[in-house]
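Residue strings, one per chain:
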Amino acid sequence: MNMLCHGEMPIDTENDIVMARKSVREAAVSLGFGVTDVTRIVTAASELTRNIYVYAGSGIMRWQSINENNLGLELVFEDHGPGITDITLAMEPGYTTGKGLGMGLPGTKRLMDEMEIMSEIGKGTTICIRKWLRR
Amino acid sequence: MATVSVIKIRDILLVAVPSDPDDFTVSELQDQVLDALQRYNAKGLILDISTVETVDSFFARTISETVKMVALMGGLTVLSGMRACVAVTTVQLGLSFDKTLTALDVDRAMDMLSAAIDSMETGL
């Protein structure tokens, strides 16, 4: 695997959402994503880091470039919060257990090429998203 | 935290939304705008988002709420300057700025608001 860029940062405060957007923007730009894809990736990162902050309190975001036939960017969001009771329901547009619009998870999936959610009640949630560079 | 200035031009308030605001700044912006609307007795508001690079669901919800609150106070809001990449992302994320007037830039937003305020004042 060609590790062009990678990093991680804790998500503990509201300001970390802004810092996460900056880090992800830098990584996506350095990999050569166009402005619209950069915006999609940064917006997805903003949604998922806010979910960590709002629902779990704290967690971690990791990013790394991936190279499988094609170059891409993978972001992983991990927390030890309450977990998602029903992932299918959580992916329904408009469904929310909080004060949000219920657009974060289904919207993020539309913005990215791949999205995997692993969640265990009482143990936490890990969400992995990927975007591939089109050439 | 980014600072937000509210500029009054005749009956209209102009707010340049910072390029990458944290949640606190977005919430503060709402308070500041409503406060300025009351204080200056303004009739219209332009929220210029031409430098904003990321519109996520929190930002969209707060801006939509602000538009509704301004409407309850008798004001009209125009959202101006949304970048193409932001428009694409906003729609794909599933966000909608329903019932929100939009303009390509501040000039057009000023024209829209001036015309709307004039027609209100001439008794419709």
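To be clear, the structure that these remarks concern was listed above.
Cut-off values and rules
Residues numbered from 1 in each chain as written. Chains lettered and ligands numbered in written order. Predicted model: local features only at pLDDT ≥ 70, side-chain atom pairs only at ≥ 80, totals over all residues. Heavy atoms only, no water. Helix = DSSP H or I, 4+ residues; strand = E, 2+ residues; numbered from the N terminus. Rg over C-alpha atoms; globule rule 2.2 N^0.38 Å. Contact = heavy atoms within 4.5 Å. Pairing = 2+ DSSP bridges. Axes fitted to C-alpha atoms, helices over the stretch in contact; angles between N-to-C directions. Salt bridge = Lys/Arg side-chain N within 4 Å of Asp/Glu carboxyl O.

Chemist: Pulling in residues and values, what's your account of the overall build of chain A?
Modeler: If you tally the helices and strands in chain A, you get four helices and five strands. Beginning at the N terminus, the succession of helices and strands in chain A can be written as β-α-α-β-β-α-α-β-β. Taking 2.2 N^0.38 as the reference for a compact globule, 135 residues should give roughly 14 Å; the C-alpha atoms of chain A span a radius of gyration of 14 Å, in line with that estimate. Each of the three principal axes of chain A carries a C-alpha extent, and together these read 40 × 25 × 25 Å. Here the contacts in chain A between residues at least 6 apart in sequence split such that 62% fall between residues at least 24 apart.

Chemist: Describe the sheet that holds strand S2 (residues 59-68) of chain A, with residues and values.
Modeler: Residue and element names in this part refer to chain A. With respect to topology, five strands assemble into an open sheet ordered S1-S2-S3-S5-S4, the strand pairing being antiparallel. This sheet does not close on itself; its edge strands, each paired only once, are strand S1 (6-11) and strand S4 (114-120). Each neighbouring strand pair of the sheet contributes to a mean axis angle of 15°, computed without reference to strand direction. Looking at chain direction, S2 and strand S3 (residues 70-79) are connected through 10 bridges and run antiparallel. Counted as the bridge partner of Glu68 is Asn70 from S3. Against the sheet, helix H1 (residues 14-31) touches S1, S2 and S3, its axis set at about 170° to S1.

Chemist: Let's hear about the pattern of salt bridges: which residues, and what values?
Modeler: Where charged atoms of side chains with opposite charge meet at close range, the side chains can pair. All names here are of chain A. One pass over the full model with this rule turns up 21 salt bridges over all chains. Close ionic contact of Arg40 with Asp37 constitutes a salt bridge, the shortest N to O distance being 2.7 Å. Here Arg40 pairs with Asp37, and both are found in helix H2 (residues 35-56), just three residues apart, close to one helical turn. Between Glu78 and Arg62 there is a salt bridge, and its shortest N-O distance comes to 2.9 Å. Here Arg62 lies in strand S2 and Glu78 lies in strand S3, a separation of 16 residues in the sequence.

Purely geometric numbers; function is a separate question.
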